[in-house]
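Letter by letter, the chains look like this.
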Amino acid sequence: MNICSKTFATKSLTKFIAAVGLAVCLLLPVAAQAESERPHIVATTGMVADLVRAVAGDRAEVEALMGEGVDPHLFKPTRSDTVKLLRADAVFISGLHLEGKMTAAFDRLRESGKPVVALGDAVPKERLLSPPEFEGAHDPHIWMDVGIWASTLPAIRDGLARLDPAGTETYARNADAYGAELARLDAYARRILASIPGKARVLVTAHDAFNYLGRAYGIEVRGIQGISTESEAGLRVIEELAALLADRGVPAVFPETSVSDRNVRALVEGAGARGHRVTLGGALFSDAMGAPGSYEGTYIGMIDHNVTTIARALGGEAPADGFQGKLALAQR
Ligand SMILES: [Zn+2]
């Protein structure tokens, strides 16, 4: 006996309660149906999923393929990931070859007529970085510049509206509201990163994920590994960077949560051998967000963590609880 039939079998209930119960029972199947009819979106990285969720609100289900600490350059979809991609109503990706091992899978999805929205394609070419060693391709780490990432909101809004025209107004409203929140985050990042003393304005990280951040907020950026974690860092690069840290008196270097910290530690030793003490400035979220359900497991939390950690470790002024009082960085 389910809850609904039980309600009507209980004779002590007043007619009023029975009427309400009947109404609820009649409405339940409708609600359940609406639930299953919500568009199901699969996103590749957590950053993409978070952005799509902010626009979709509760009108669509959004699932990320890659979780905490997963490196998108190396990610290969498993059989169950492929099933998720095939079953999705639309797939949202970061693009610009970030998901380098998934190119063939995206091509197959597009050939089958599945909407595949690449956020990188929504960014005007003149705003993209084109490093010479990346021959003809663009640096894919566009989420590191909050302004650029926010500029992809209209592509998400329109992609969702095509799937669910009845939600057009909601998507537009959500995209505008989230865009305003990102503008505040962008202003915070600009303000606190500007407080780092001039000579120490060098951000050294495990791989080259922060060039957009460097350009947007005026910090020199050096990665030990290249743009993609597929390439190996040479001893020569570590020696050069150790010399740079010592010359400029840079106090900290930064590991990343989705990349091995082996090279960063070698660099700290290299600088030490030159008589310059460098600390590990706290792991940054580069190509993956933090744990699901945590503040750092959101795009805003991830960027807040990064810019606040960088500013504090390099001698700038930033609150330990970050942009909106939700961070919990240890006092240094
Ligand atoms: Zn990367």
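Everything discussed here concerns the structure shown above.
Report follows, based on the coordinates. (Residues numbered from 1 in each chain as written. Predicted model: local features only at pLDDT ≥ 70, side-chain atom pairs only at ≥ 80, totals over all residues. Heavy atoms only, no water.)

1. Side note on the sheet that holds strand β1 (residues 40–43)
If you trace the four strands from one edge of the open sheet to the other, you get β2-β1-β3-β4, paired in parallel fashion. Looking along the sheet, the strands with just one partner apiece sit at the ends: β2 (61–64) and β4 (116–118). The sheet shows a mean angle of 20° between the axes of neighbouring strands, taken without regard to direction. Where β1 and β2 come together, four bridges link them in parallel fashion. Considered in β2, the bridge of Ala 43 is made with Ala 64. Contacting β1, β2 and β3 (90–93), helix α3 (residues 46–56) runs over the sheet at an angle of about 170° to β2. (Pairing = 2+ DSSP bridges. Helix = DSSP H or I, 4+ residues; strand = E, 2+ residues; numbered from the N terminus. Axes fitted to C-alpha atoms, helices over the stretch in contact; angles between N-to-C directions. Contact = heavy atoms within 4.5 Å.)

2. Some points on the coordination of the zinc ion
Around the zinc ion, the protein contributes the donor atoms His 73 (NE2), His 141 (NE2), His 207 (NE2) and Asp 287 (OD), which lie 1.9 to 2.1 Å from the metal centre. Coordination at the zinc ion comes from four donor atoms whose angles at the metal span 93 to 124°, giving a geometry best classed as tetrahedral. Here the donor residues of the zinc ion share one chain and are spaced in sequence as H-x67-H-x65-H-x79-D. On the criterion of sequence distance, the pair formed by His 73 in the loop between β2 and α4 (79–87) and His 141 in the loop between β4 and α6 (146–150) is long-range, its members being 68 residues apart. Look at His 73 and you get buried, because its relative accessible area is 4%. (Donors = N, O, S within 2.8 Å, 3.2 Å for Na, K, Ca; no water. Tetrahedral: all angles 85-135°; square planar, octahedral: opposite > 155°, others 65-115°. Buried < 20%, exposed > 50% of the residue type's maximum accessible area, 1.4 Å probe, protein only.)

3. Quick look at the packing of helix α10 (residues 235–248) against helix α11 (residues 262–273)
Two numbers describe how α10 lies on α11: the axes approach to 8 Å, and their chain directions differ by 55°. Considering the angle they form, α10 stands oblique to α11. Two packed elements cross with a definite hand, and for α10 against α11 that hand is right-handed. Note on element contacts: α11 touches α10 through Asn 263, Ala 266, Leu 267, Gly 270 and Ala 271, opposite Ile 238, Leu 241, Ala 242 and Leu 245. Here the contact of α10 with α11 is composed, by residue class, of seven nonpolar, two polar and no charged. (Parallel < 35°, antiparallel > 145°, perpendicular 65-115°, else oblique. Left-handed = near helix turned anticlockwise from the far one by under 90°. Nonpolar A, V, L, I, M, F, W, Y, C, P; charged D, E, K, R; others polar.)

4. Quick look at the pattern of salt bridges
Summed over all chains, the structure comprises eight salt bridges. Asp 186 serves as the salt-bridge partner of Arg 190, at 3.2 Å between the closest nitrogen and oxygen. Of the two residues, Arg 190 and Asp 186 are both situated in helix α8 (residues 168–193); the distance of four residues between them amounts to about one turn of the helix. Given a relative accessible area of 16%, Asp 186 falls into the buried group. (Salt bridge = Lys/Arg side-chain N within 4 Å of Asp/Glu carboxyl O.)

5. Topic: the packing of aromatic side chains
Tallied over the entire structure, the rule returns three aromatic pairs. Here Trp 143 and Trp 149 contribute two aromatic rings whose centre-to-centre distance is 6.2 Å and whose plane-to-plane angle is 75°, an arrangement assigned as edge-to-face. With a relative accessible area of 0%, Trp 149 lands in the buried category. Ring plane angle 40° and centroid distance 5.9 Å describe the contact between Trp 149 and Tyr 299, whose orientation is recorded as tilted. Of this pair, Trp 149 sits in helix α6 while Tyr 299 sits in helix α12 (residues 299–313), and the two are 150 residues apart along the sequence. A single burial state applies to Trp 149 and to Tyr 299, both of which are buried. Joined through ring pairs, the aromatic side chains of Trp 143, Trp 149 and Tyr 299 make up one cluster. (Phe/Tyr/Trp six-rings, centres within 6.5 Å; stacked < 30°, edge-to-face > 60°.)

6. Things to note about the nonpolar core
Ranked by size, the top nonpolar core spans 86 residues in total, and within it Phe 92, Leu 182, Leu 193 and Tyr 299 carry the most contacts. With nine residues, α8 is the largest single contributor of residues to this core. Taken domain by domain, this core gets at least three of its residues from each of domain 1 (6–180) and domain 2 (191–330). Once you skip the residues sitting within four places of it in the chain, Phe 92 turns out to touch Ile 41, Val 42, Ala 43, Thr 44, Val 48, Val 52, Val 117, Leu 119, Ile 156, Gly 159 and Leu 160. (Core = buried A, V, L, I, M, F, W, Y, C linked by side-chain atoms within 4.5 Å. Domains from an automatic or database assignment.)

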